[in-house]
Structures are given as C-alpha cells and as structure tokens.
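Structural characterization, general
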Amino acid sequence: MLSDRQIAKKLQMSYDTLLRWKREKPLLYHHIRDGFELKELALEMDKHLKAIYRQTQFIRLKERVCKQSMRRYRVISCELIPEGAFKNAAQLYWVRTDDKESLNVLLKKEELEFEENEMYINIFDFEAHSAEDESEWLISNNLNIHDINDFFNWYFTLDN
C-alpha cells in the first residue's frame, strides 16, 4: 500500500496539496487513493492469473495427451547438459516436446522412454512451472529440489 507521500510523488504534486485535498475534498482524495489500491491489486492479481493460466494449460495438455496416446508425450529433442555443469548434471535430461509451445522438460534419464526411434515421457509424472525468464517447463516429480535449483542456476548462465 502506498503512503500519501508516495501517491503525491507519483501524481507529481506537493504532499501539502494532497493533504489539503484530504481535508477539503475527501471524495476526490478517496477516489485517488482507491485508484492506486486498485492498481496494486490488479498487478498482484496478474501474477496469480499467470499461474492459473499455466496450470490450466497443463490440465488441457494432460487431457489431450490422455485421449491421444495413453499418457505418453512425444519428445523431439534433447539438449546436452555439460557433465561438469553442476553436481548431478549427468543424471538429468533437458528435453523439448512436440507441443506447439515447445515446452521444456527437466527429468531424470531413467524417466525417458524409447520406442522405435522415438522418445516419450509419461506426462502424469510432471508438474508445470514457469522459470524467471517466463519460459514454460514440465519438471519431473522425482527430482530433488537441489538438482532443480542447480539446473536453473546453470540454465540462466547460458544467456550471459
């Protein structure tokens, strides 16, 4: 919640003028204050809506996959994680799926299924997440939180 001083600064007016409006024009003051509170609520709600949207997309993906291929989701490519990138890098795979959004997937090597020169994952072993760079990820439920953290620390150094 913004203070009266912060509101005055954002409105590029003097603090004394805002206080005078508070006394002499309380309806105007409360409309201004309500507007700033509404803006803060809307920004906070936007964060929650993004999380709800991501989970809704994941539920739709699960339903679509369940109808098509009995819980399996096709993988189109595997990104190499350098062996010394972090502690358990050799045990993890970073793969991309054939979904239109080209989802990233982080999983253990043993969770990747091979069949007739194709790779698959069991979609129900994953949860949807969004990284700090707003990339969308499916992360295996079988991964240790430390491995996930180490991977993303390494992942964010790739752009630099």
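Model, not experiment: these values are computed from the prediction.

What to know about the overall build of the protein chain
Broken down by element type, the protein chain carries 4 helices and 7 strands. Going from N to C terminus, the protein chain has its helices and strands arranged as α-α-α-β-β-β-β-β-β-β-α. Put simply, the protein chain has 160 residues, and 34% of those count as buried. Partitioning the intrachain contacts of the protein chain with sequence separation of at least 6 by distance along the chain shows that 48% fall at a separation of at least 24. Total accessible area on the protein chain stands at roughly 11,000 Å², and carbon and sulfur atoms take up 51% of it.

What to know about the packing of aromatic side chains
Enumeration over the complete set of coordinates arrives at 15 aromatic pairs. Centroid distance Trp-94 to Trp-154: 6.2 Å. Interplanar angle 85°. Geometry classified as edge-to-face. Of this pair, Trp-94 sits in strand 2 (residues 92-97) while Trp-154 is found in helix 4 (residues 145-155), placing the two residues 60 residues apart along the sequence. On the accessibility criterion, Trp-154 (12% relative accessible area) is buried.

Re the side chain of Asp-147
You can see Asp-147 is positioned in helix 4. Buried and unpaired, Asp-147 has no salt bridge, with Lys-108 as the nearest side chain of opposite charge at 5.9 Å. What Asp-147 contacts, discounting residues up to four positions off in sequence, is Phe-86, Asn-88 and Leu-92.

Notes on the confidence of the model for the protein chain
When pLDDT is averaged along the protein chain, the result is 81, and 88% of the positions lie at 70 or above. No element of the protein chain has a lower mean pLDDT than strand 1 (residues 72-79), at 74, and none a higher one than helix 2 (residues 15-24), at 92.

A short note on the nonpolar core
Counting 15 residues, the largest nonpolar core has Ile-81, Leu-106, Trp-137, Phe-151 and Phe-152 as its most contacted members. Counting only elements with at least two residues in this core, the list comes to strand 2, strand 7 (136-140) and helix 4. With 5 residues, the top contributor of residues to this core is helix 4. Ignoring anything within four residues of it in the chain, the contact list for Ile-81 reads Phe-86, Ala-89, Leu-92, Tyr-93, Trp-94, Phe-151 and Trp-154. With 14 residues, the next largest nonpolar core counts Val-75, Val-95, Leu-103 and Leu-138 among its residues.

Rules used in this analysis
- Residues numbered from 1 in each chain as written.
- Predicted model: local features only at pLDDT ≥ 70, side-chain atom pairs only at ≥ 80, totals over all residues.
- Heavy atoms only, no water.
- Helix = DSSP H or I, 4+ residues; strand = E, 2+ residues; numbered from the N terminus.
- Buried < 20%, exposed > 50% of the residue type's maximum accessible area, 1.4 Å probe, protein only.
- Contact = heavy atoms within 4.5 Å.
- Areas by Shrake-Rupley, 256 points an atom, 1.4 Å probe, with all protein chains shown as cover.
- Phe/Tyr/Trp six-rings, centres within 6.5 Å; stacked < 30°, edge-to-face > 60°.
- Lys, Arg positive; Asp, Glu negative; His and termini not counted.
- Salt bridge = Lys/Arg side-chain N within 4 Å of Asp/Glu carboxyl O.
- pLDDT = per-residue confidence, 0-100.
- Core = buried A, V, L, I, M, F, W, Y, C linked by side-chain atoms within 4.5 Å.

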